[in-house]
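Listed here are the chains, written in short residue letters.
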Amino acid sequence: MATLEAIYPAGSAASRSLRRASPAHYRRTAVAVGFRRGSGTRSVRPIEARVRVDAAGRREFVEVKSEAEAEADPDVDCDCEAPAKDHPVMSTVGKSTNIVWHNCPVGKVERENLLKQKGCVIWITGLSGSGKSTLACALSRELHSMGYLTFVLDGDNIRHGLNRDLSFQADRAENIRRIGEVAKLFADAGIICIASLISPYRRDRDACRDMLPDSTFIEVFMDVPLQICESRDSKGLYKLVRAGKIKGFTGIDDPYEPPLKCEIVIQTKEGECASPTAMAEQVISYLDLNGFLKA
Ligand SMILES: Nc1ncnc2c1ncn2[C@@H]1O[C@H](COP(=O)(O)OS(=O)(=O)O)[C@@H](OP(=O)(O)O)[C@H]1O
Ligand SMILES: Nc1ncnc2c1ncn2[C@@H]1O[C@H](COP(=O)(O)OP(=O)(O)O)[C@@H](O)[C@H]1O
C-alpha cells in the first residue's frame, strides 16, 4: 500500500485532480480512478484509493494502490463495480445512478494561471437590508477595474431564474445548496465568485463551505443591527412584515444565525456603516494578503 504522494508527487496534476475531485465521487469505501489526456493517450496510470470521509465531508486518502498493486490484489474491498481495464467506475450520487466523473486535462490551476488569480467564493451573509448586494456590486466593480474576473450570484436574482421554484419556507436549504453548487463551479472556473444571499442558517452555510477546497470559501458577515436594516427598508418589506402582511421574515419572525467564526466581519461604528468602497477594500485586502490576486 502506498501513499498518494508515493504514486503521484505532491502538487502534480494527477495529485491535484484527485484531491479536488467531487467529494460525492469519493464518498465510497474504495474507488478506482483513471485519467486520460488528449485523444485516448493515458499519461497518468489508474489507481485505486480507499478514502475516509469525515462528518463534514472532508476526504482523506487512507490507502492508495498503484495500478500494479491493484492488479495483484483481486480482493479490493470496493462497493462499486470492479472497473474493467478500460472502463470507468460507475457511481450513485443521490438519485443519479450509473454516472461517471469525467476529468478534463484543463483544470482549475490551468485556468487560474490564465486569469492570474485564484478562484474562490466570497459568501456574503446578513439580514435583508444589511448591504449585501451593495458590497457585492462595489467589490465586483473594484476588482474588475483592477483587472480581475468576478461574477456576482445575488440571492434575489437567482430566485428569478434557477431557484424560481423554491419558497422561503420549506426550500431555504435547497436555495442555498444550489447557489453553493453554482458558486463552486465558478470558483473552479478560476473566477472570484461573489455570492450574496441572506443564508440565515449556519448549517446551510457550513455545508457550502465544505463543498469547496480549503480556504477558498471566504465568509463575510454583514454585522449590521436589525434596527439599521429596518430603517433603510429599501424594498418596503419590513413595513409589510410589521403590518402582518409577510410571515416568516428573517430577523423578525424567522431566525438569523450569525457566523460563530468567519473570515471577514463588516461592522458598523457608532451606528455608522463604512462606505461601499471602504467595505470592498476590506475584502480586497483579505484577498491580497491571502494570495487570491495572483496565479
Ligand atoms: N421571508 C423572507 N425572509 C427574508 N427575505 C425575504 C423573505 N421574503 C422575501 N424576501 C426577499 O428575498 C430576498 C432574500 O433572498 P435570498 O435568496 O437571499 O434568501 S435566503 O438566502 O434564501 O435566505 C431578500 O433580499 P435582500 O433584501 O437582498 O436580502 C428579501 O428582499
Ligand atoms: N455601507 C452603506 N452605507 C449606507 N447605505 C448603505 C450601505 N450599504 C447599503 N446601503 C443601503 O442600504 C439599502 C439596502 O442595501 P442592499 O445592498 O440592497 O442590502 P441587502 O442586499 O443586504 O438587502 C440600500 O438602499 C443601500 O443603498
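Look up: the structure comes first, before these words.
Please read all numbers here as calculations on a predicted model, not as lab measurements. (Residues numbered from 1 in each chain as written. Chains lettered and ligands numbered in written order. Predicted model: local features only at pLDDT ≥ 70, side-chain atom pairs only at ≥ 80, totals over all residues. Heavy atoms only, no water.)

Draft legend 1. Examining the overall build of the protein chain more closely. A count of helical and extended segments in the protein chain gives 12 helices and 11 strands. The burial tally for the protein chain puts 40% of its 295 residues in the buried class. Relative to all contacts within the protein chain whose residues are 6 or more apart in sequence, the contacts with residues 24 or more apart total 68%. About 15800 Å² of surface is accessible on the protein chain, with carbon and sulfur atoms providing 54% of the total. (Helix = DSSP H or I, 4+ residues; strand = E, 2+ residues; numbered from the N terminus. Buried < 20%, exposed > 50% of the residue type's maximum accessible area, 1.4 Å probe, protein only. Contact = heavy atoms within 4.5 Å. Areas by Shrake-Rupley, 256 points an atom, 1.4 Å probe, with all protein chains shown as cover.)

Draft legend 2. Main features of the packing of aromatic side chains. Scanning the entire structure with this criterion turns up 4 aromatic pairs. Note on Phe 151 and Phe 186: the rings are 4.7 Å apart at their centroids and 5° apart in plane angle, and the pair reads as stacked. With a gap of 35 residues between them, Phe 151 in strand β7 (residues 150-154) and Phe 186 in helix α8 (residues 172-188) connect regions that are remote in the sequence. Residue Phe 151 is classed as partly exposed on the basis of its relative accessible area of 40%. When the ring centre of Phe 168 is taken as reference, the NZ or CZ atom of Arg 159 above it lies at 3.7 Å. (Phe/Tyr/Trp six-rings, centres within 6.5 Å; stacked < 30°, edge-to-face > 60°. Lys NZ or Arg CZ within 6 Å of the ring centre and 35° of its normal.)

Draft legend 3. Molecular detail of the site of ligand 2. Near ligand 2, the surroundings consist of 13 residues, among which Gly 129, Lys 132, Ser 133, Thr 134 and Ala 274 are the closest. For ligand 2, an oxygen atom lies 3.4 Å from a polar atom in the side chain of Arg 232. Contact with the protein chains covers 72% of the free accessible surface of ligand 2, which is 560 Å². Ranked by the residues each element gives to the shell around ligand 2, the list is headed by helix α6 (residues 132-145), at 3 residues. Classifying every residue of the shell around ligand 2 gives 4 nonpolar, 7 polar and 2 charged. (Near = heavy atom within 4 Å. Polar contact = N/O pair within 3.5 Å; in protein donor to acceptor, adjacent residues only side chain to side chain. Nonpolar A, V, L, I, M, F, W, Y, C, P; charged D, E, K, R; others polar.)

Draft legend 4. Region of interest: the nonpolar core. In this structure, Ile 122, Ile 124, Leu 135, Leu 139, Leu 143, Ile 192 and Leu 287 are the most contacted members of the largest nonpolar core, which totals 33 residues. For this core, the secondary structure elements donating two or more residues are β6 (120-125), α6, β8 (192-196), β9 (217-223), α10 (226-232), α11 (237-242), β10 (264-269) and α12 (276-289). Apart from the residues within four sequence positions on either side, Leu 143 is in contact with Tyr 148, Thr 150, Ile 192, Ile 284, Leu 287 and Leu 293. With 15 residues, the next largest nonpolar core counts Val 121, Ala 183, Leu 197 and Cys 208 among its residues. (Core = buried A, V, L, I, M, F, W, Y, C linked by side-chain atoms within 4.5 Å.)

Draft legend 5. Geometry of the packing of α8 against helix α9 (residues 202-211). Interaxial distance between α8 and α9 falls to 9 Å at its minimum, and their mutual angle equals 20°. Judged by the angle between their axes, α8 and α9 are roughly parallel. By crossing handedness, the relation of α8 to α9 is classed as right-handed. On α9, the residues that touch Ala 173, Ile 176, Arg 177, Gly 180, Glu 181 and Lys 184 of α8 are Asp 204, Cys 208 and Met 211. Partitioning the contact of α8 with α9 into residue classes produces 4 nonpolar, 1 polar and 4 charged. (Axes fitted to C-alpha atoms, helices over the stretch in contact; angles between N-to-C directions. Parallel < 35°, antiparallel > 145°, perpendicular 65-115°, else oblique. Left-handed = near helix turned anticlockwise from the far one by under 90°.)

Draft legend 6. Region of interest: unusual backbone geometry. Phi at Asn 98 is positive, roughly 55°, even though this residue is not glycine. Looking at where Asn 98 falls in the secondary structure, it is placed in strand β5 (residues 96-99). A positive phi is found at Glu 270, a non-glycine position, where the angle reads about 50°. Examined against the element boundaries, Glu 270 turns out to sit in the loop between β10 and β11 (272-273).

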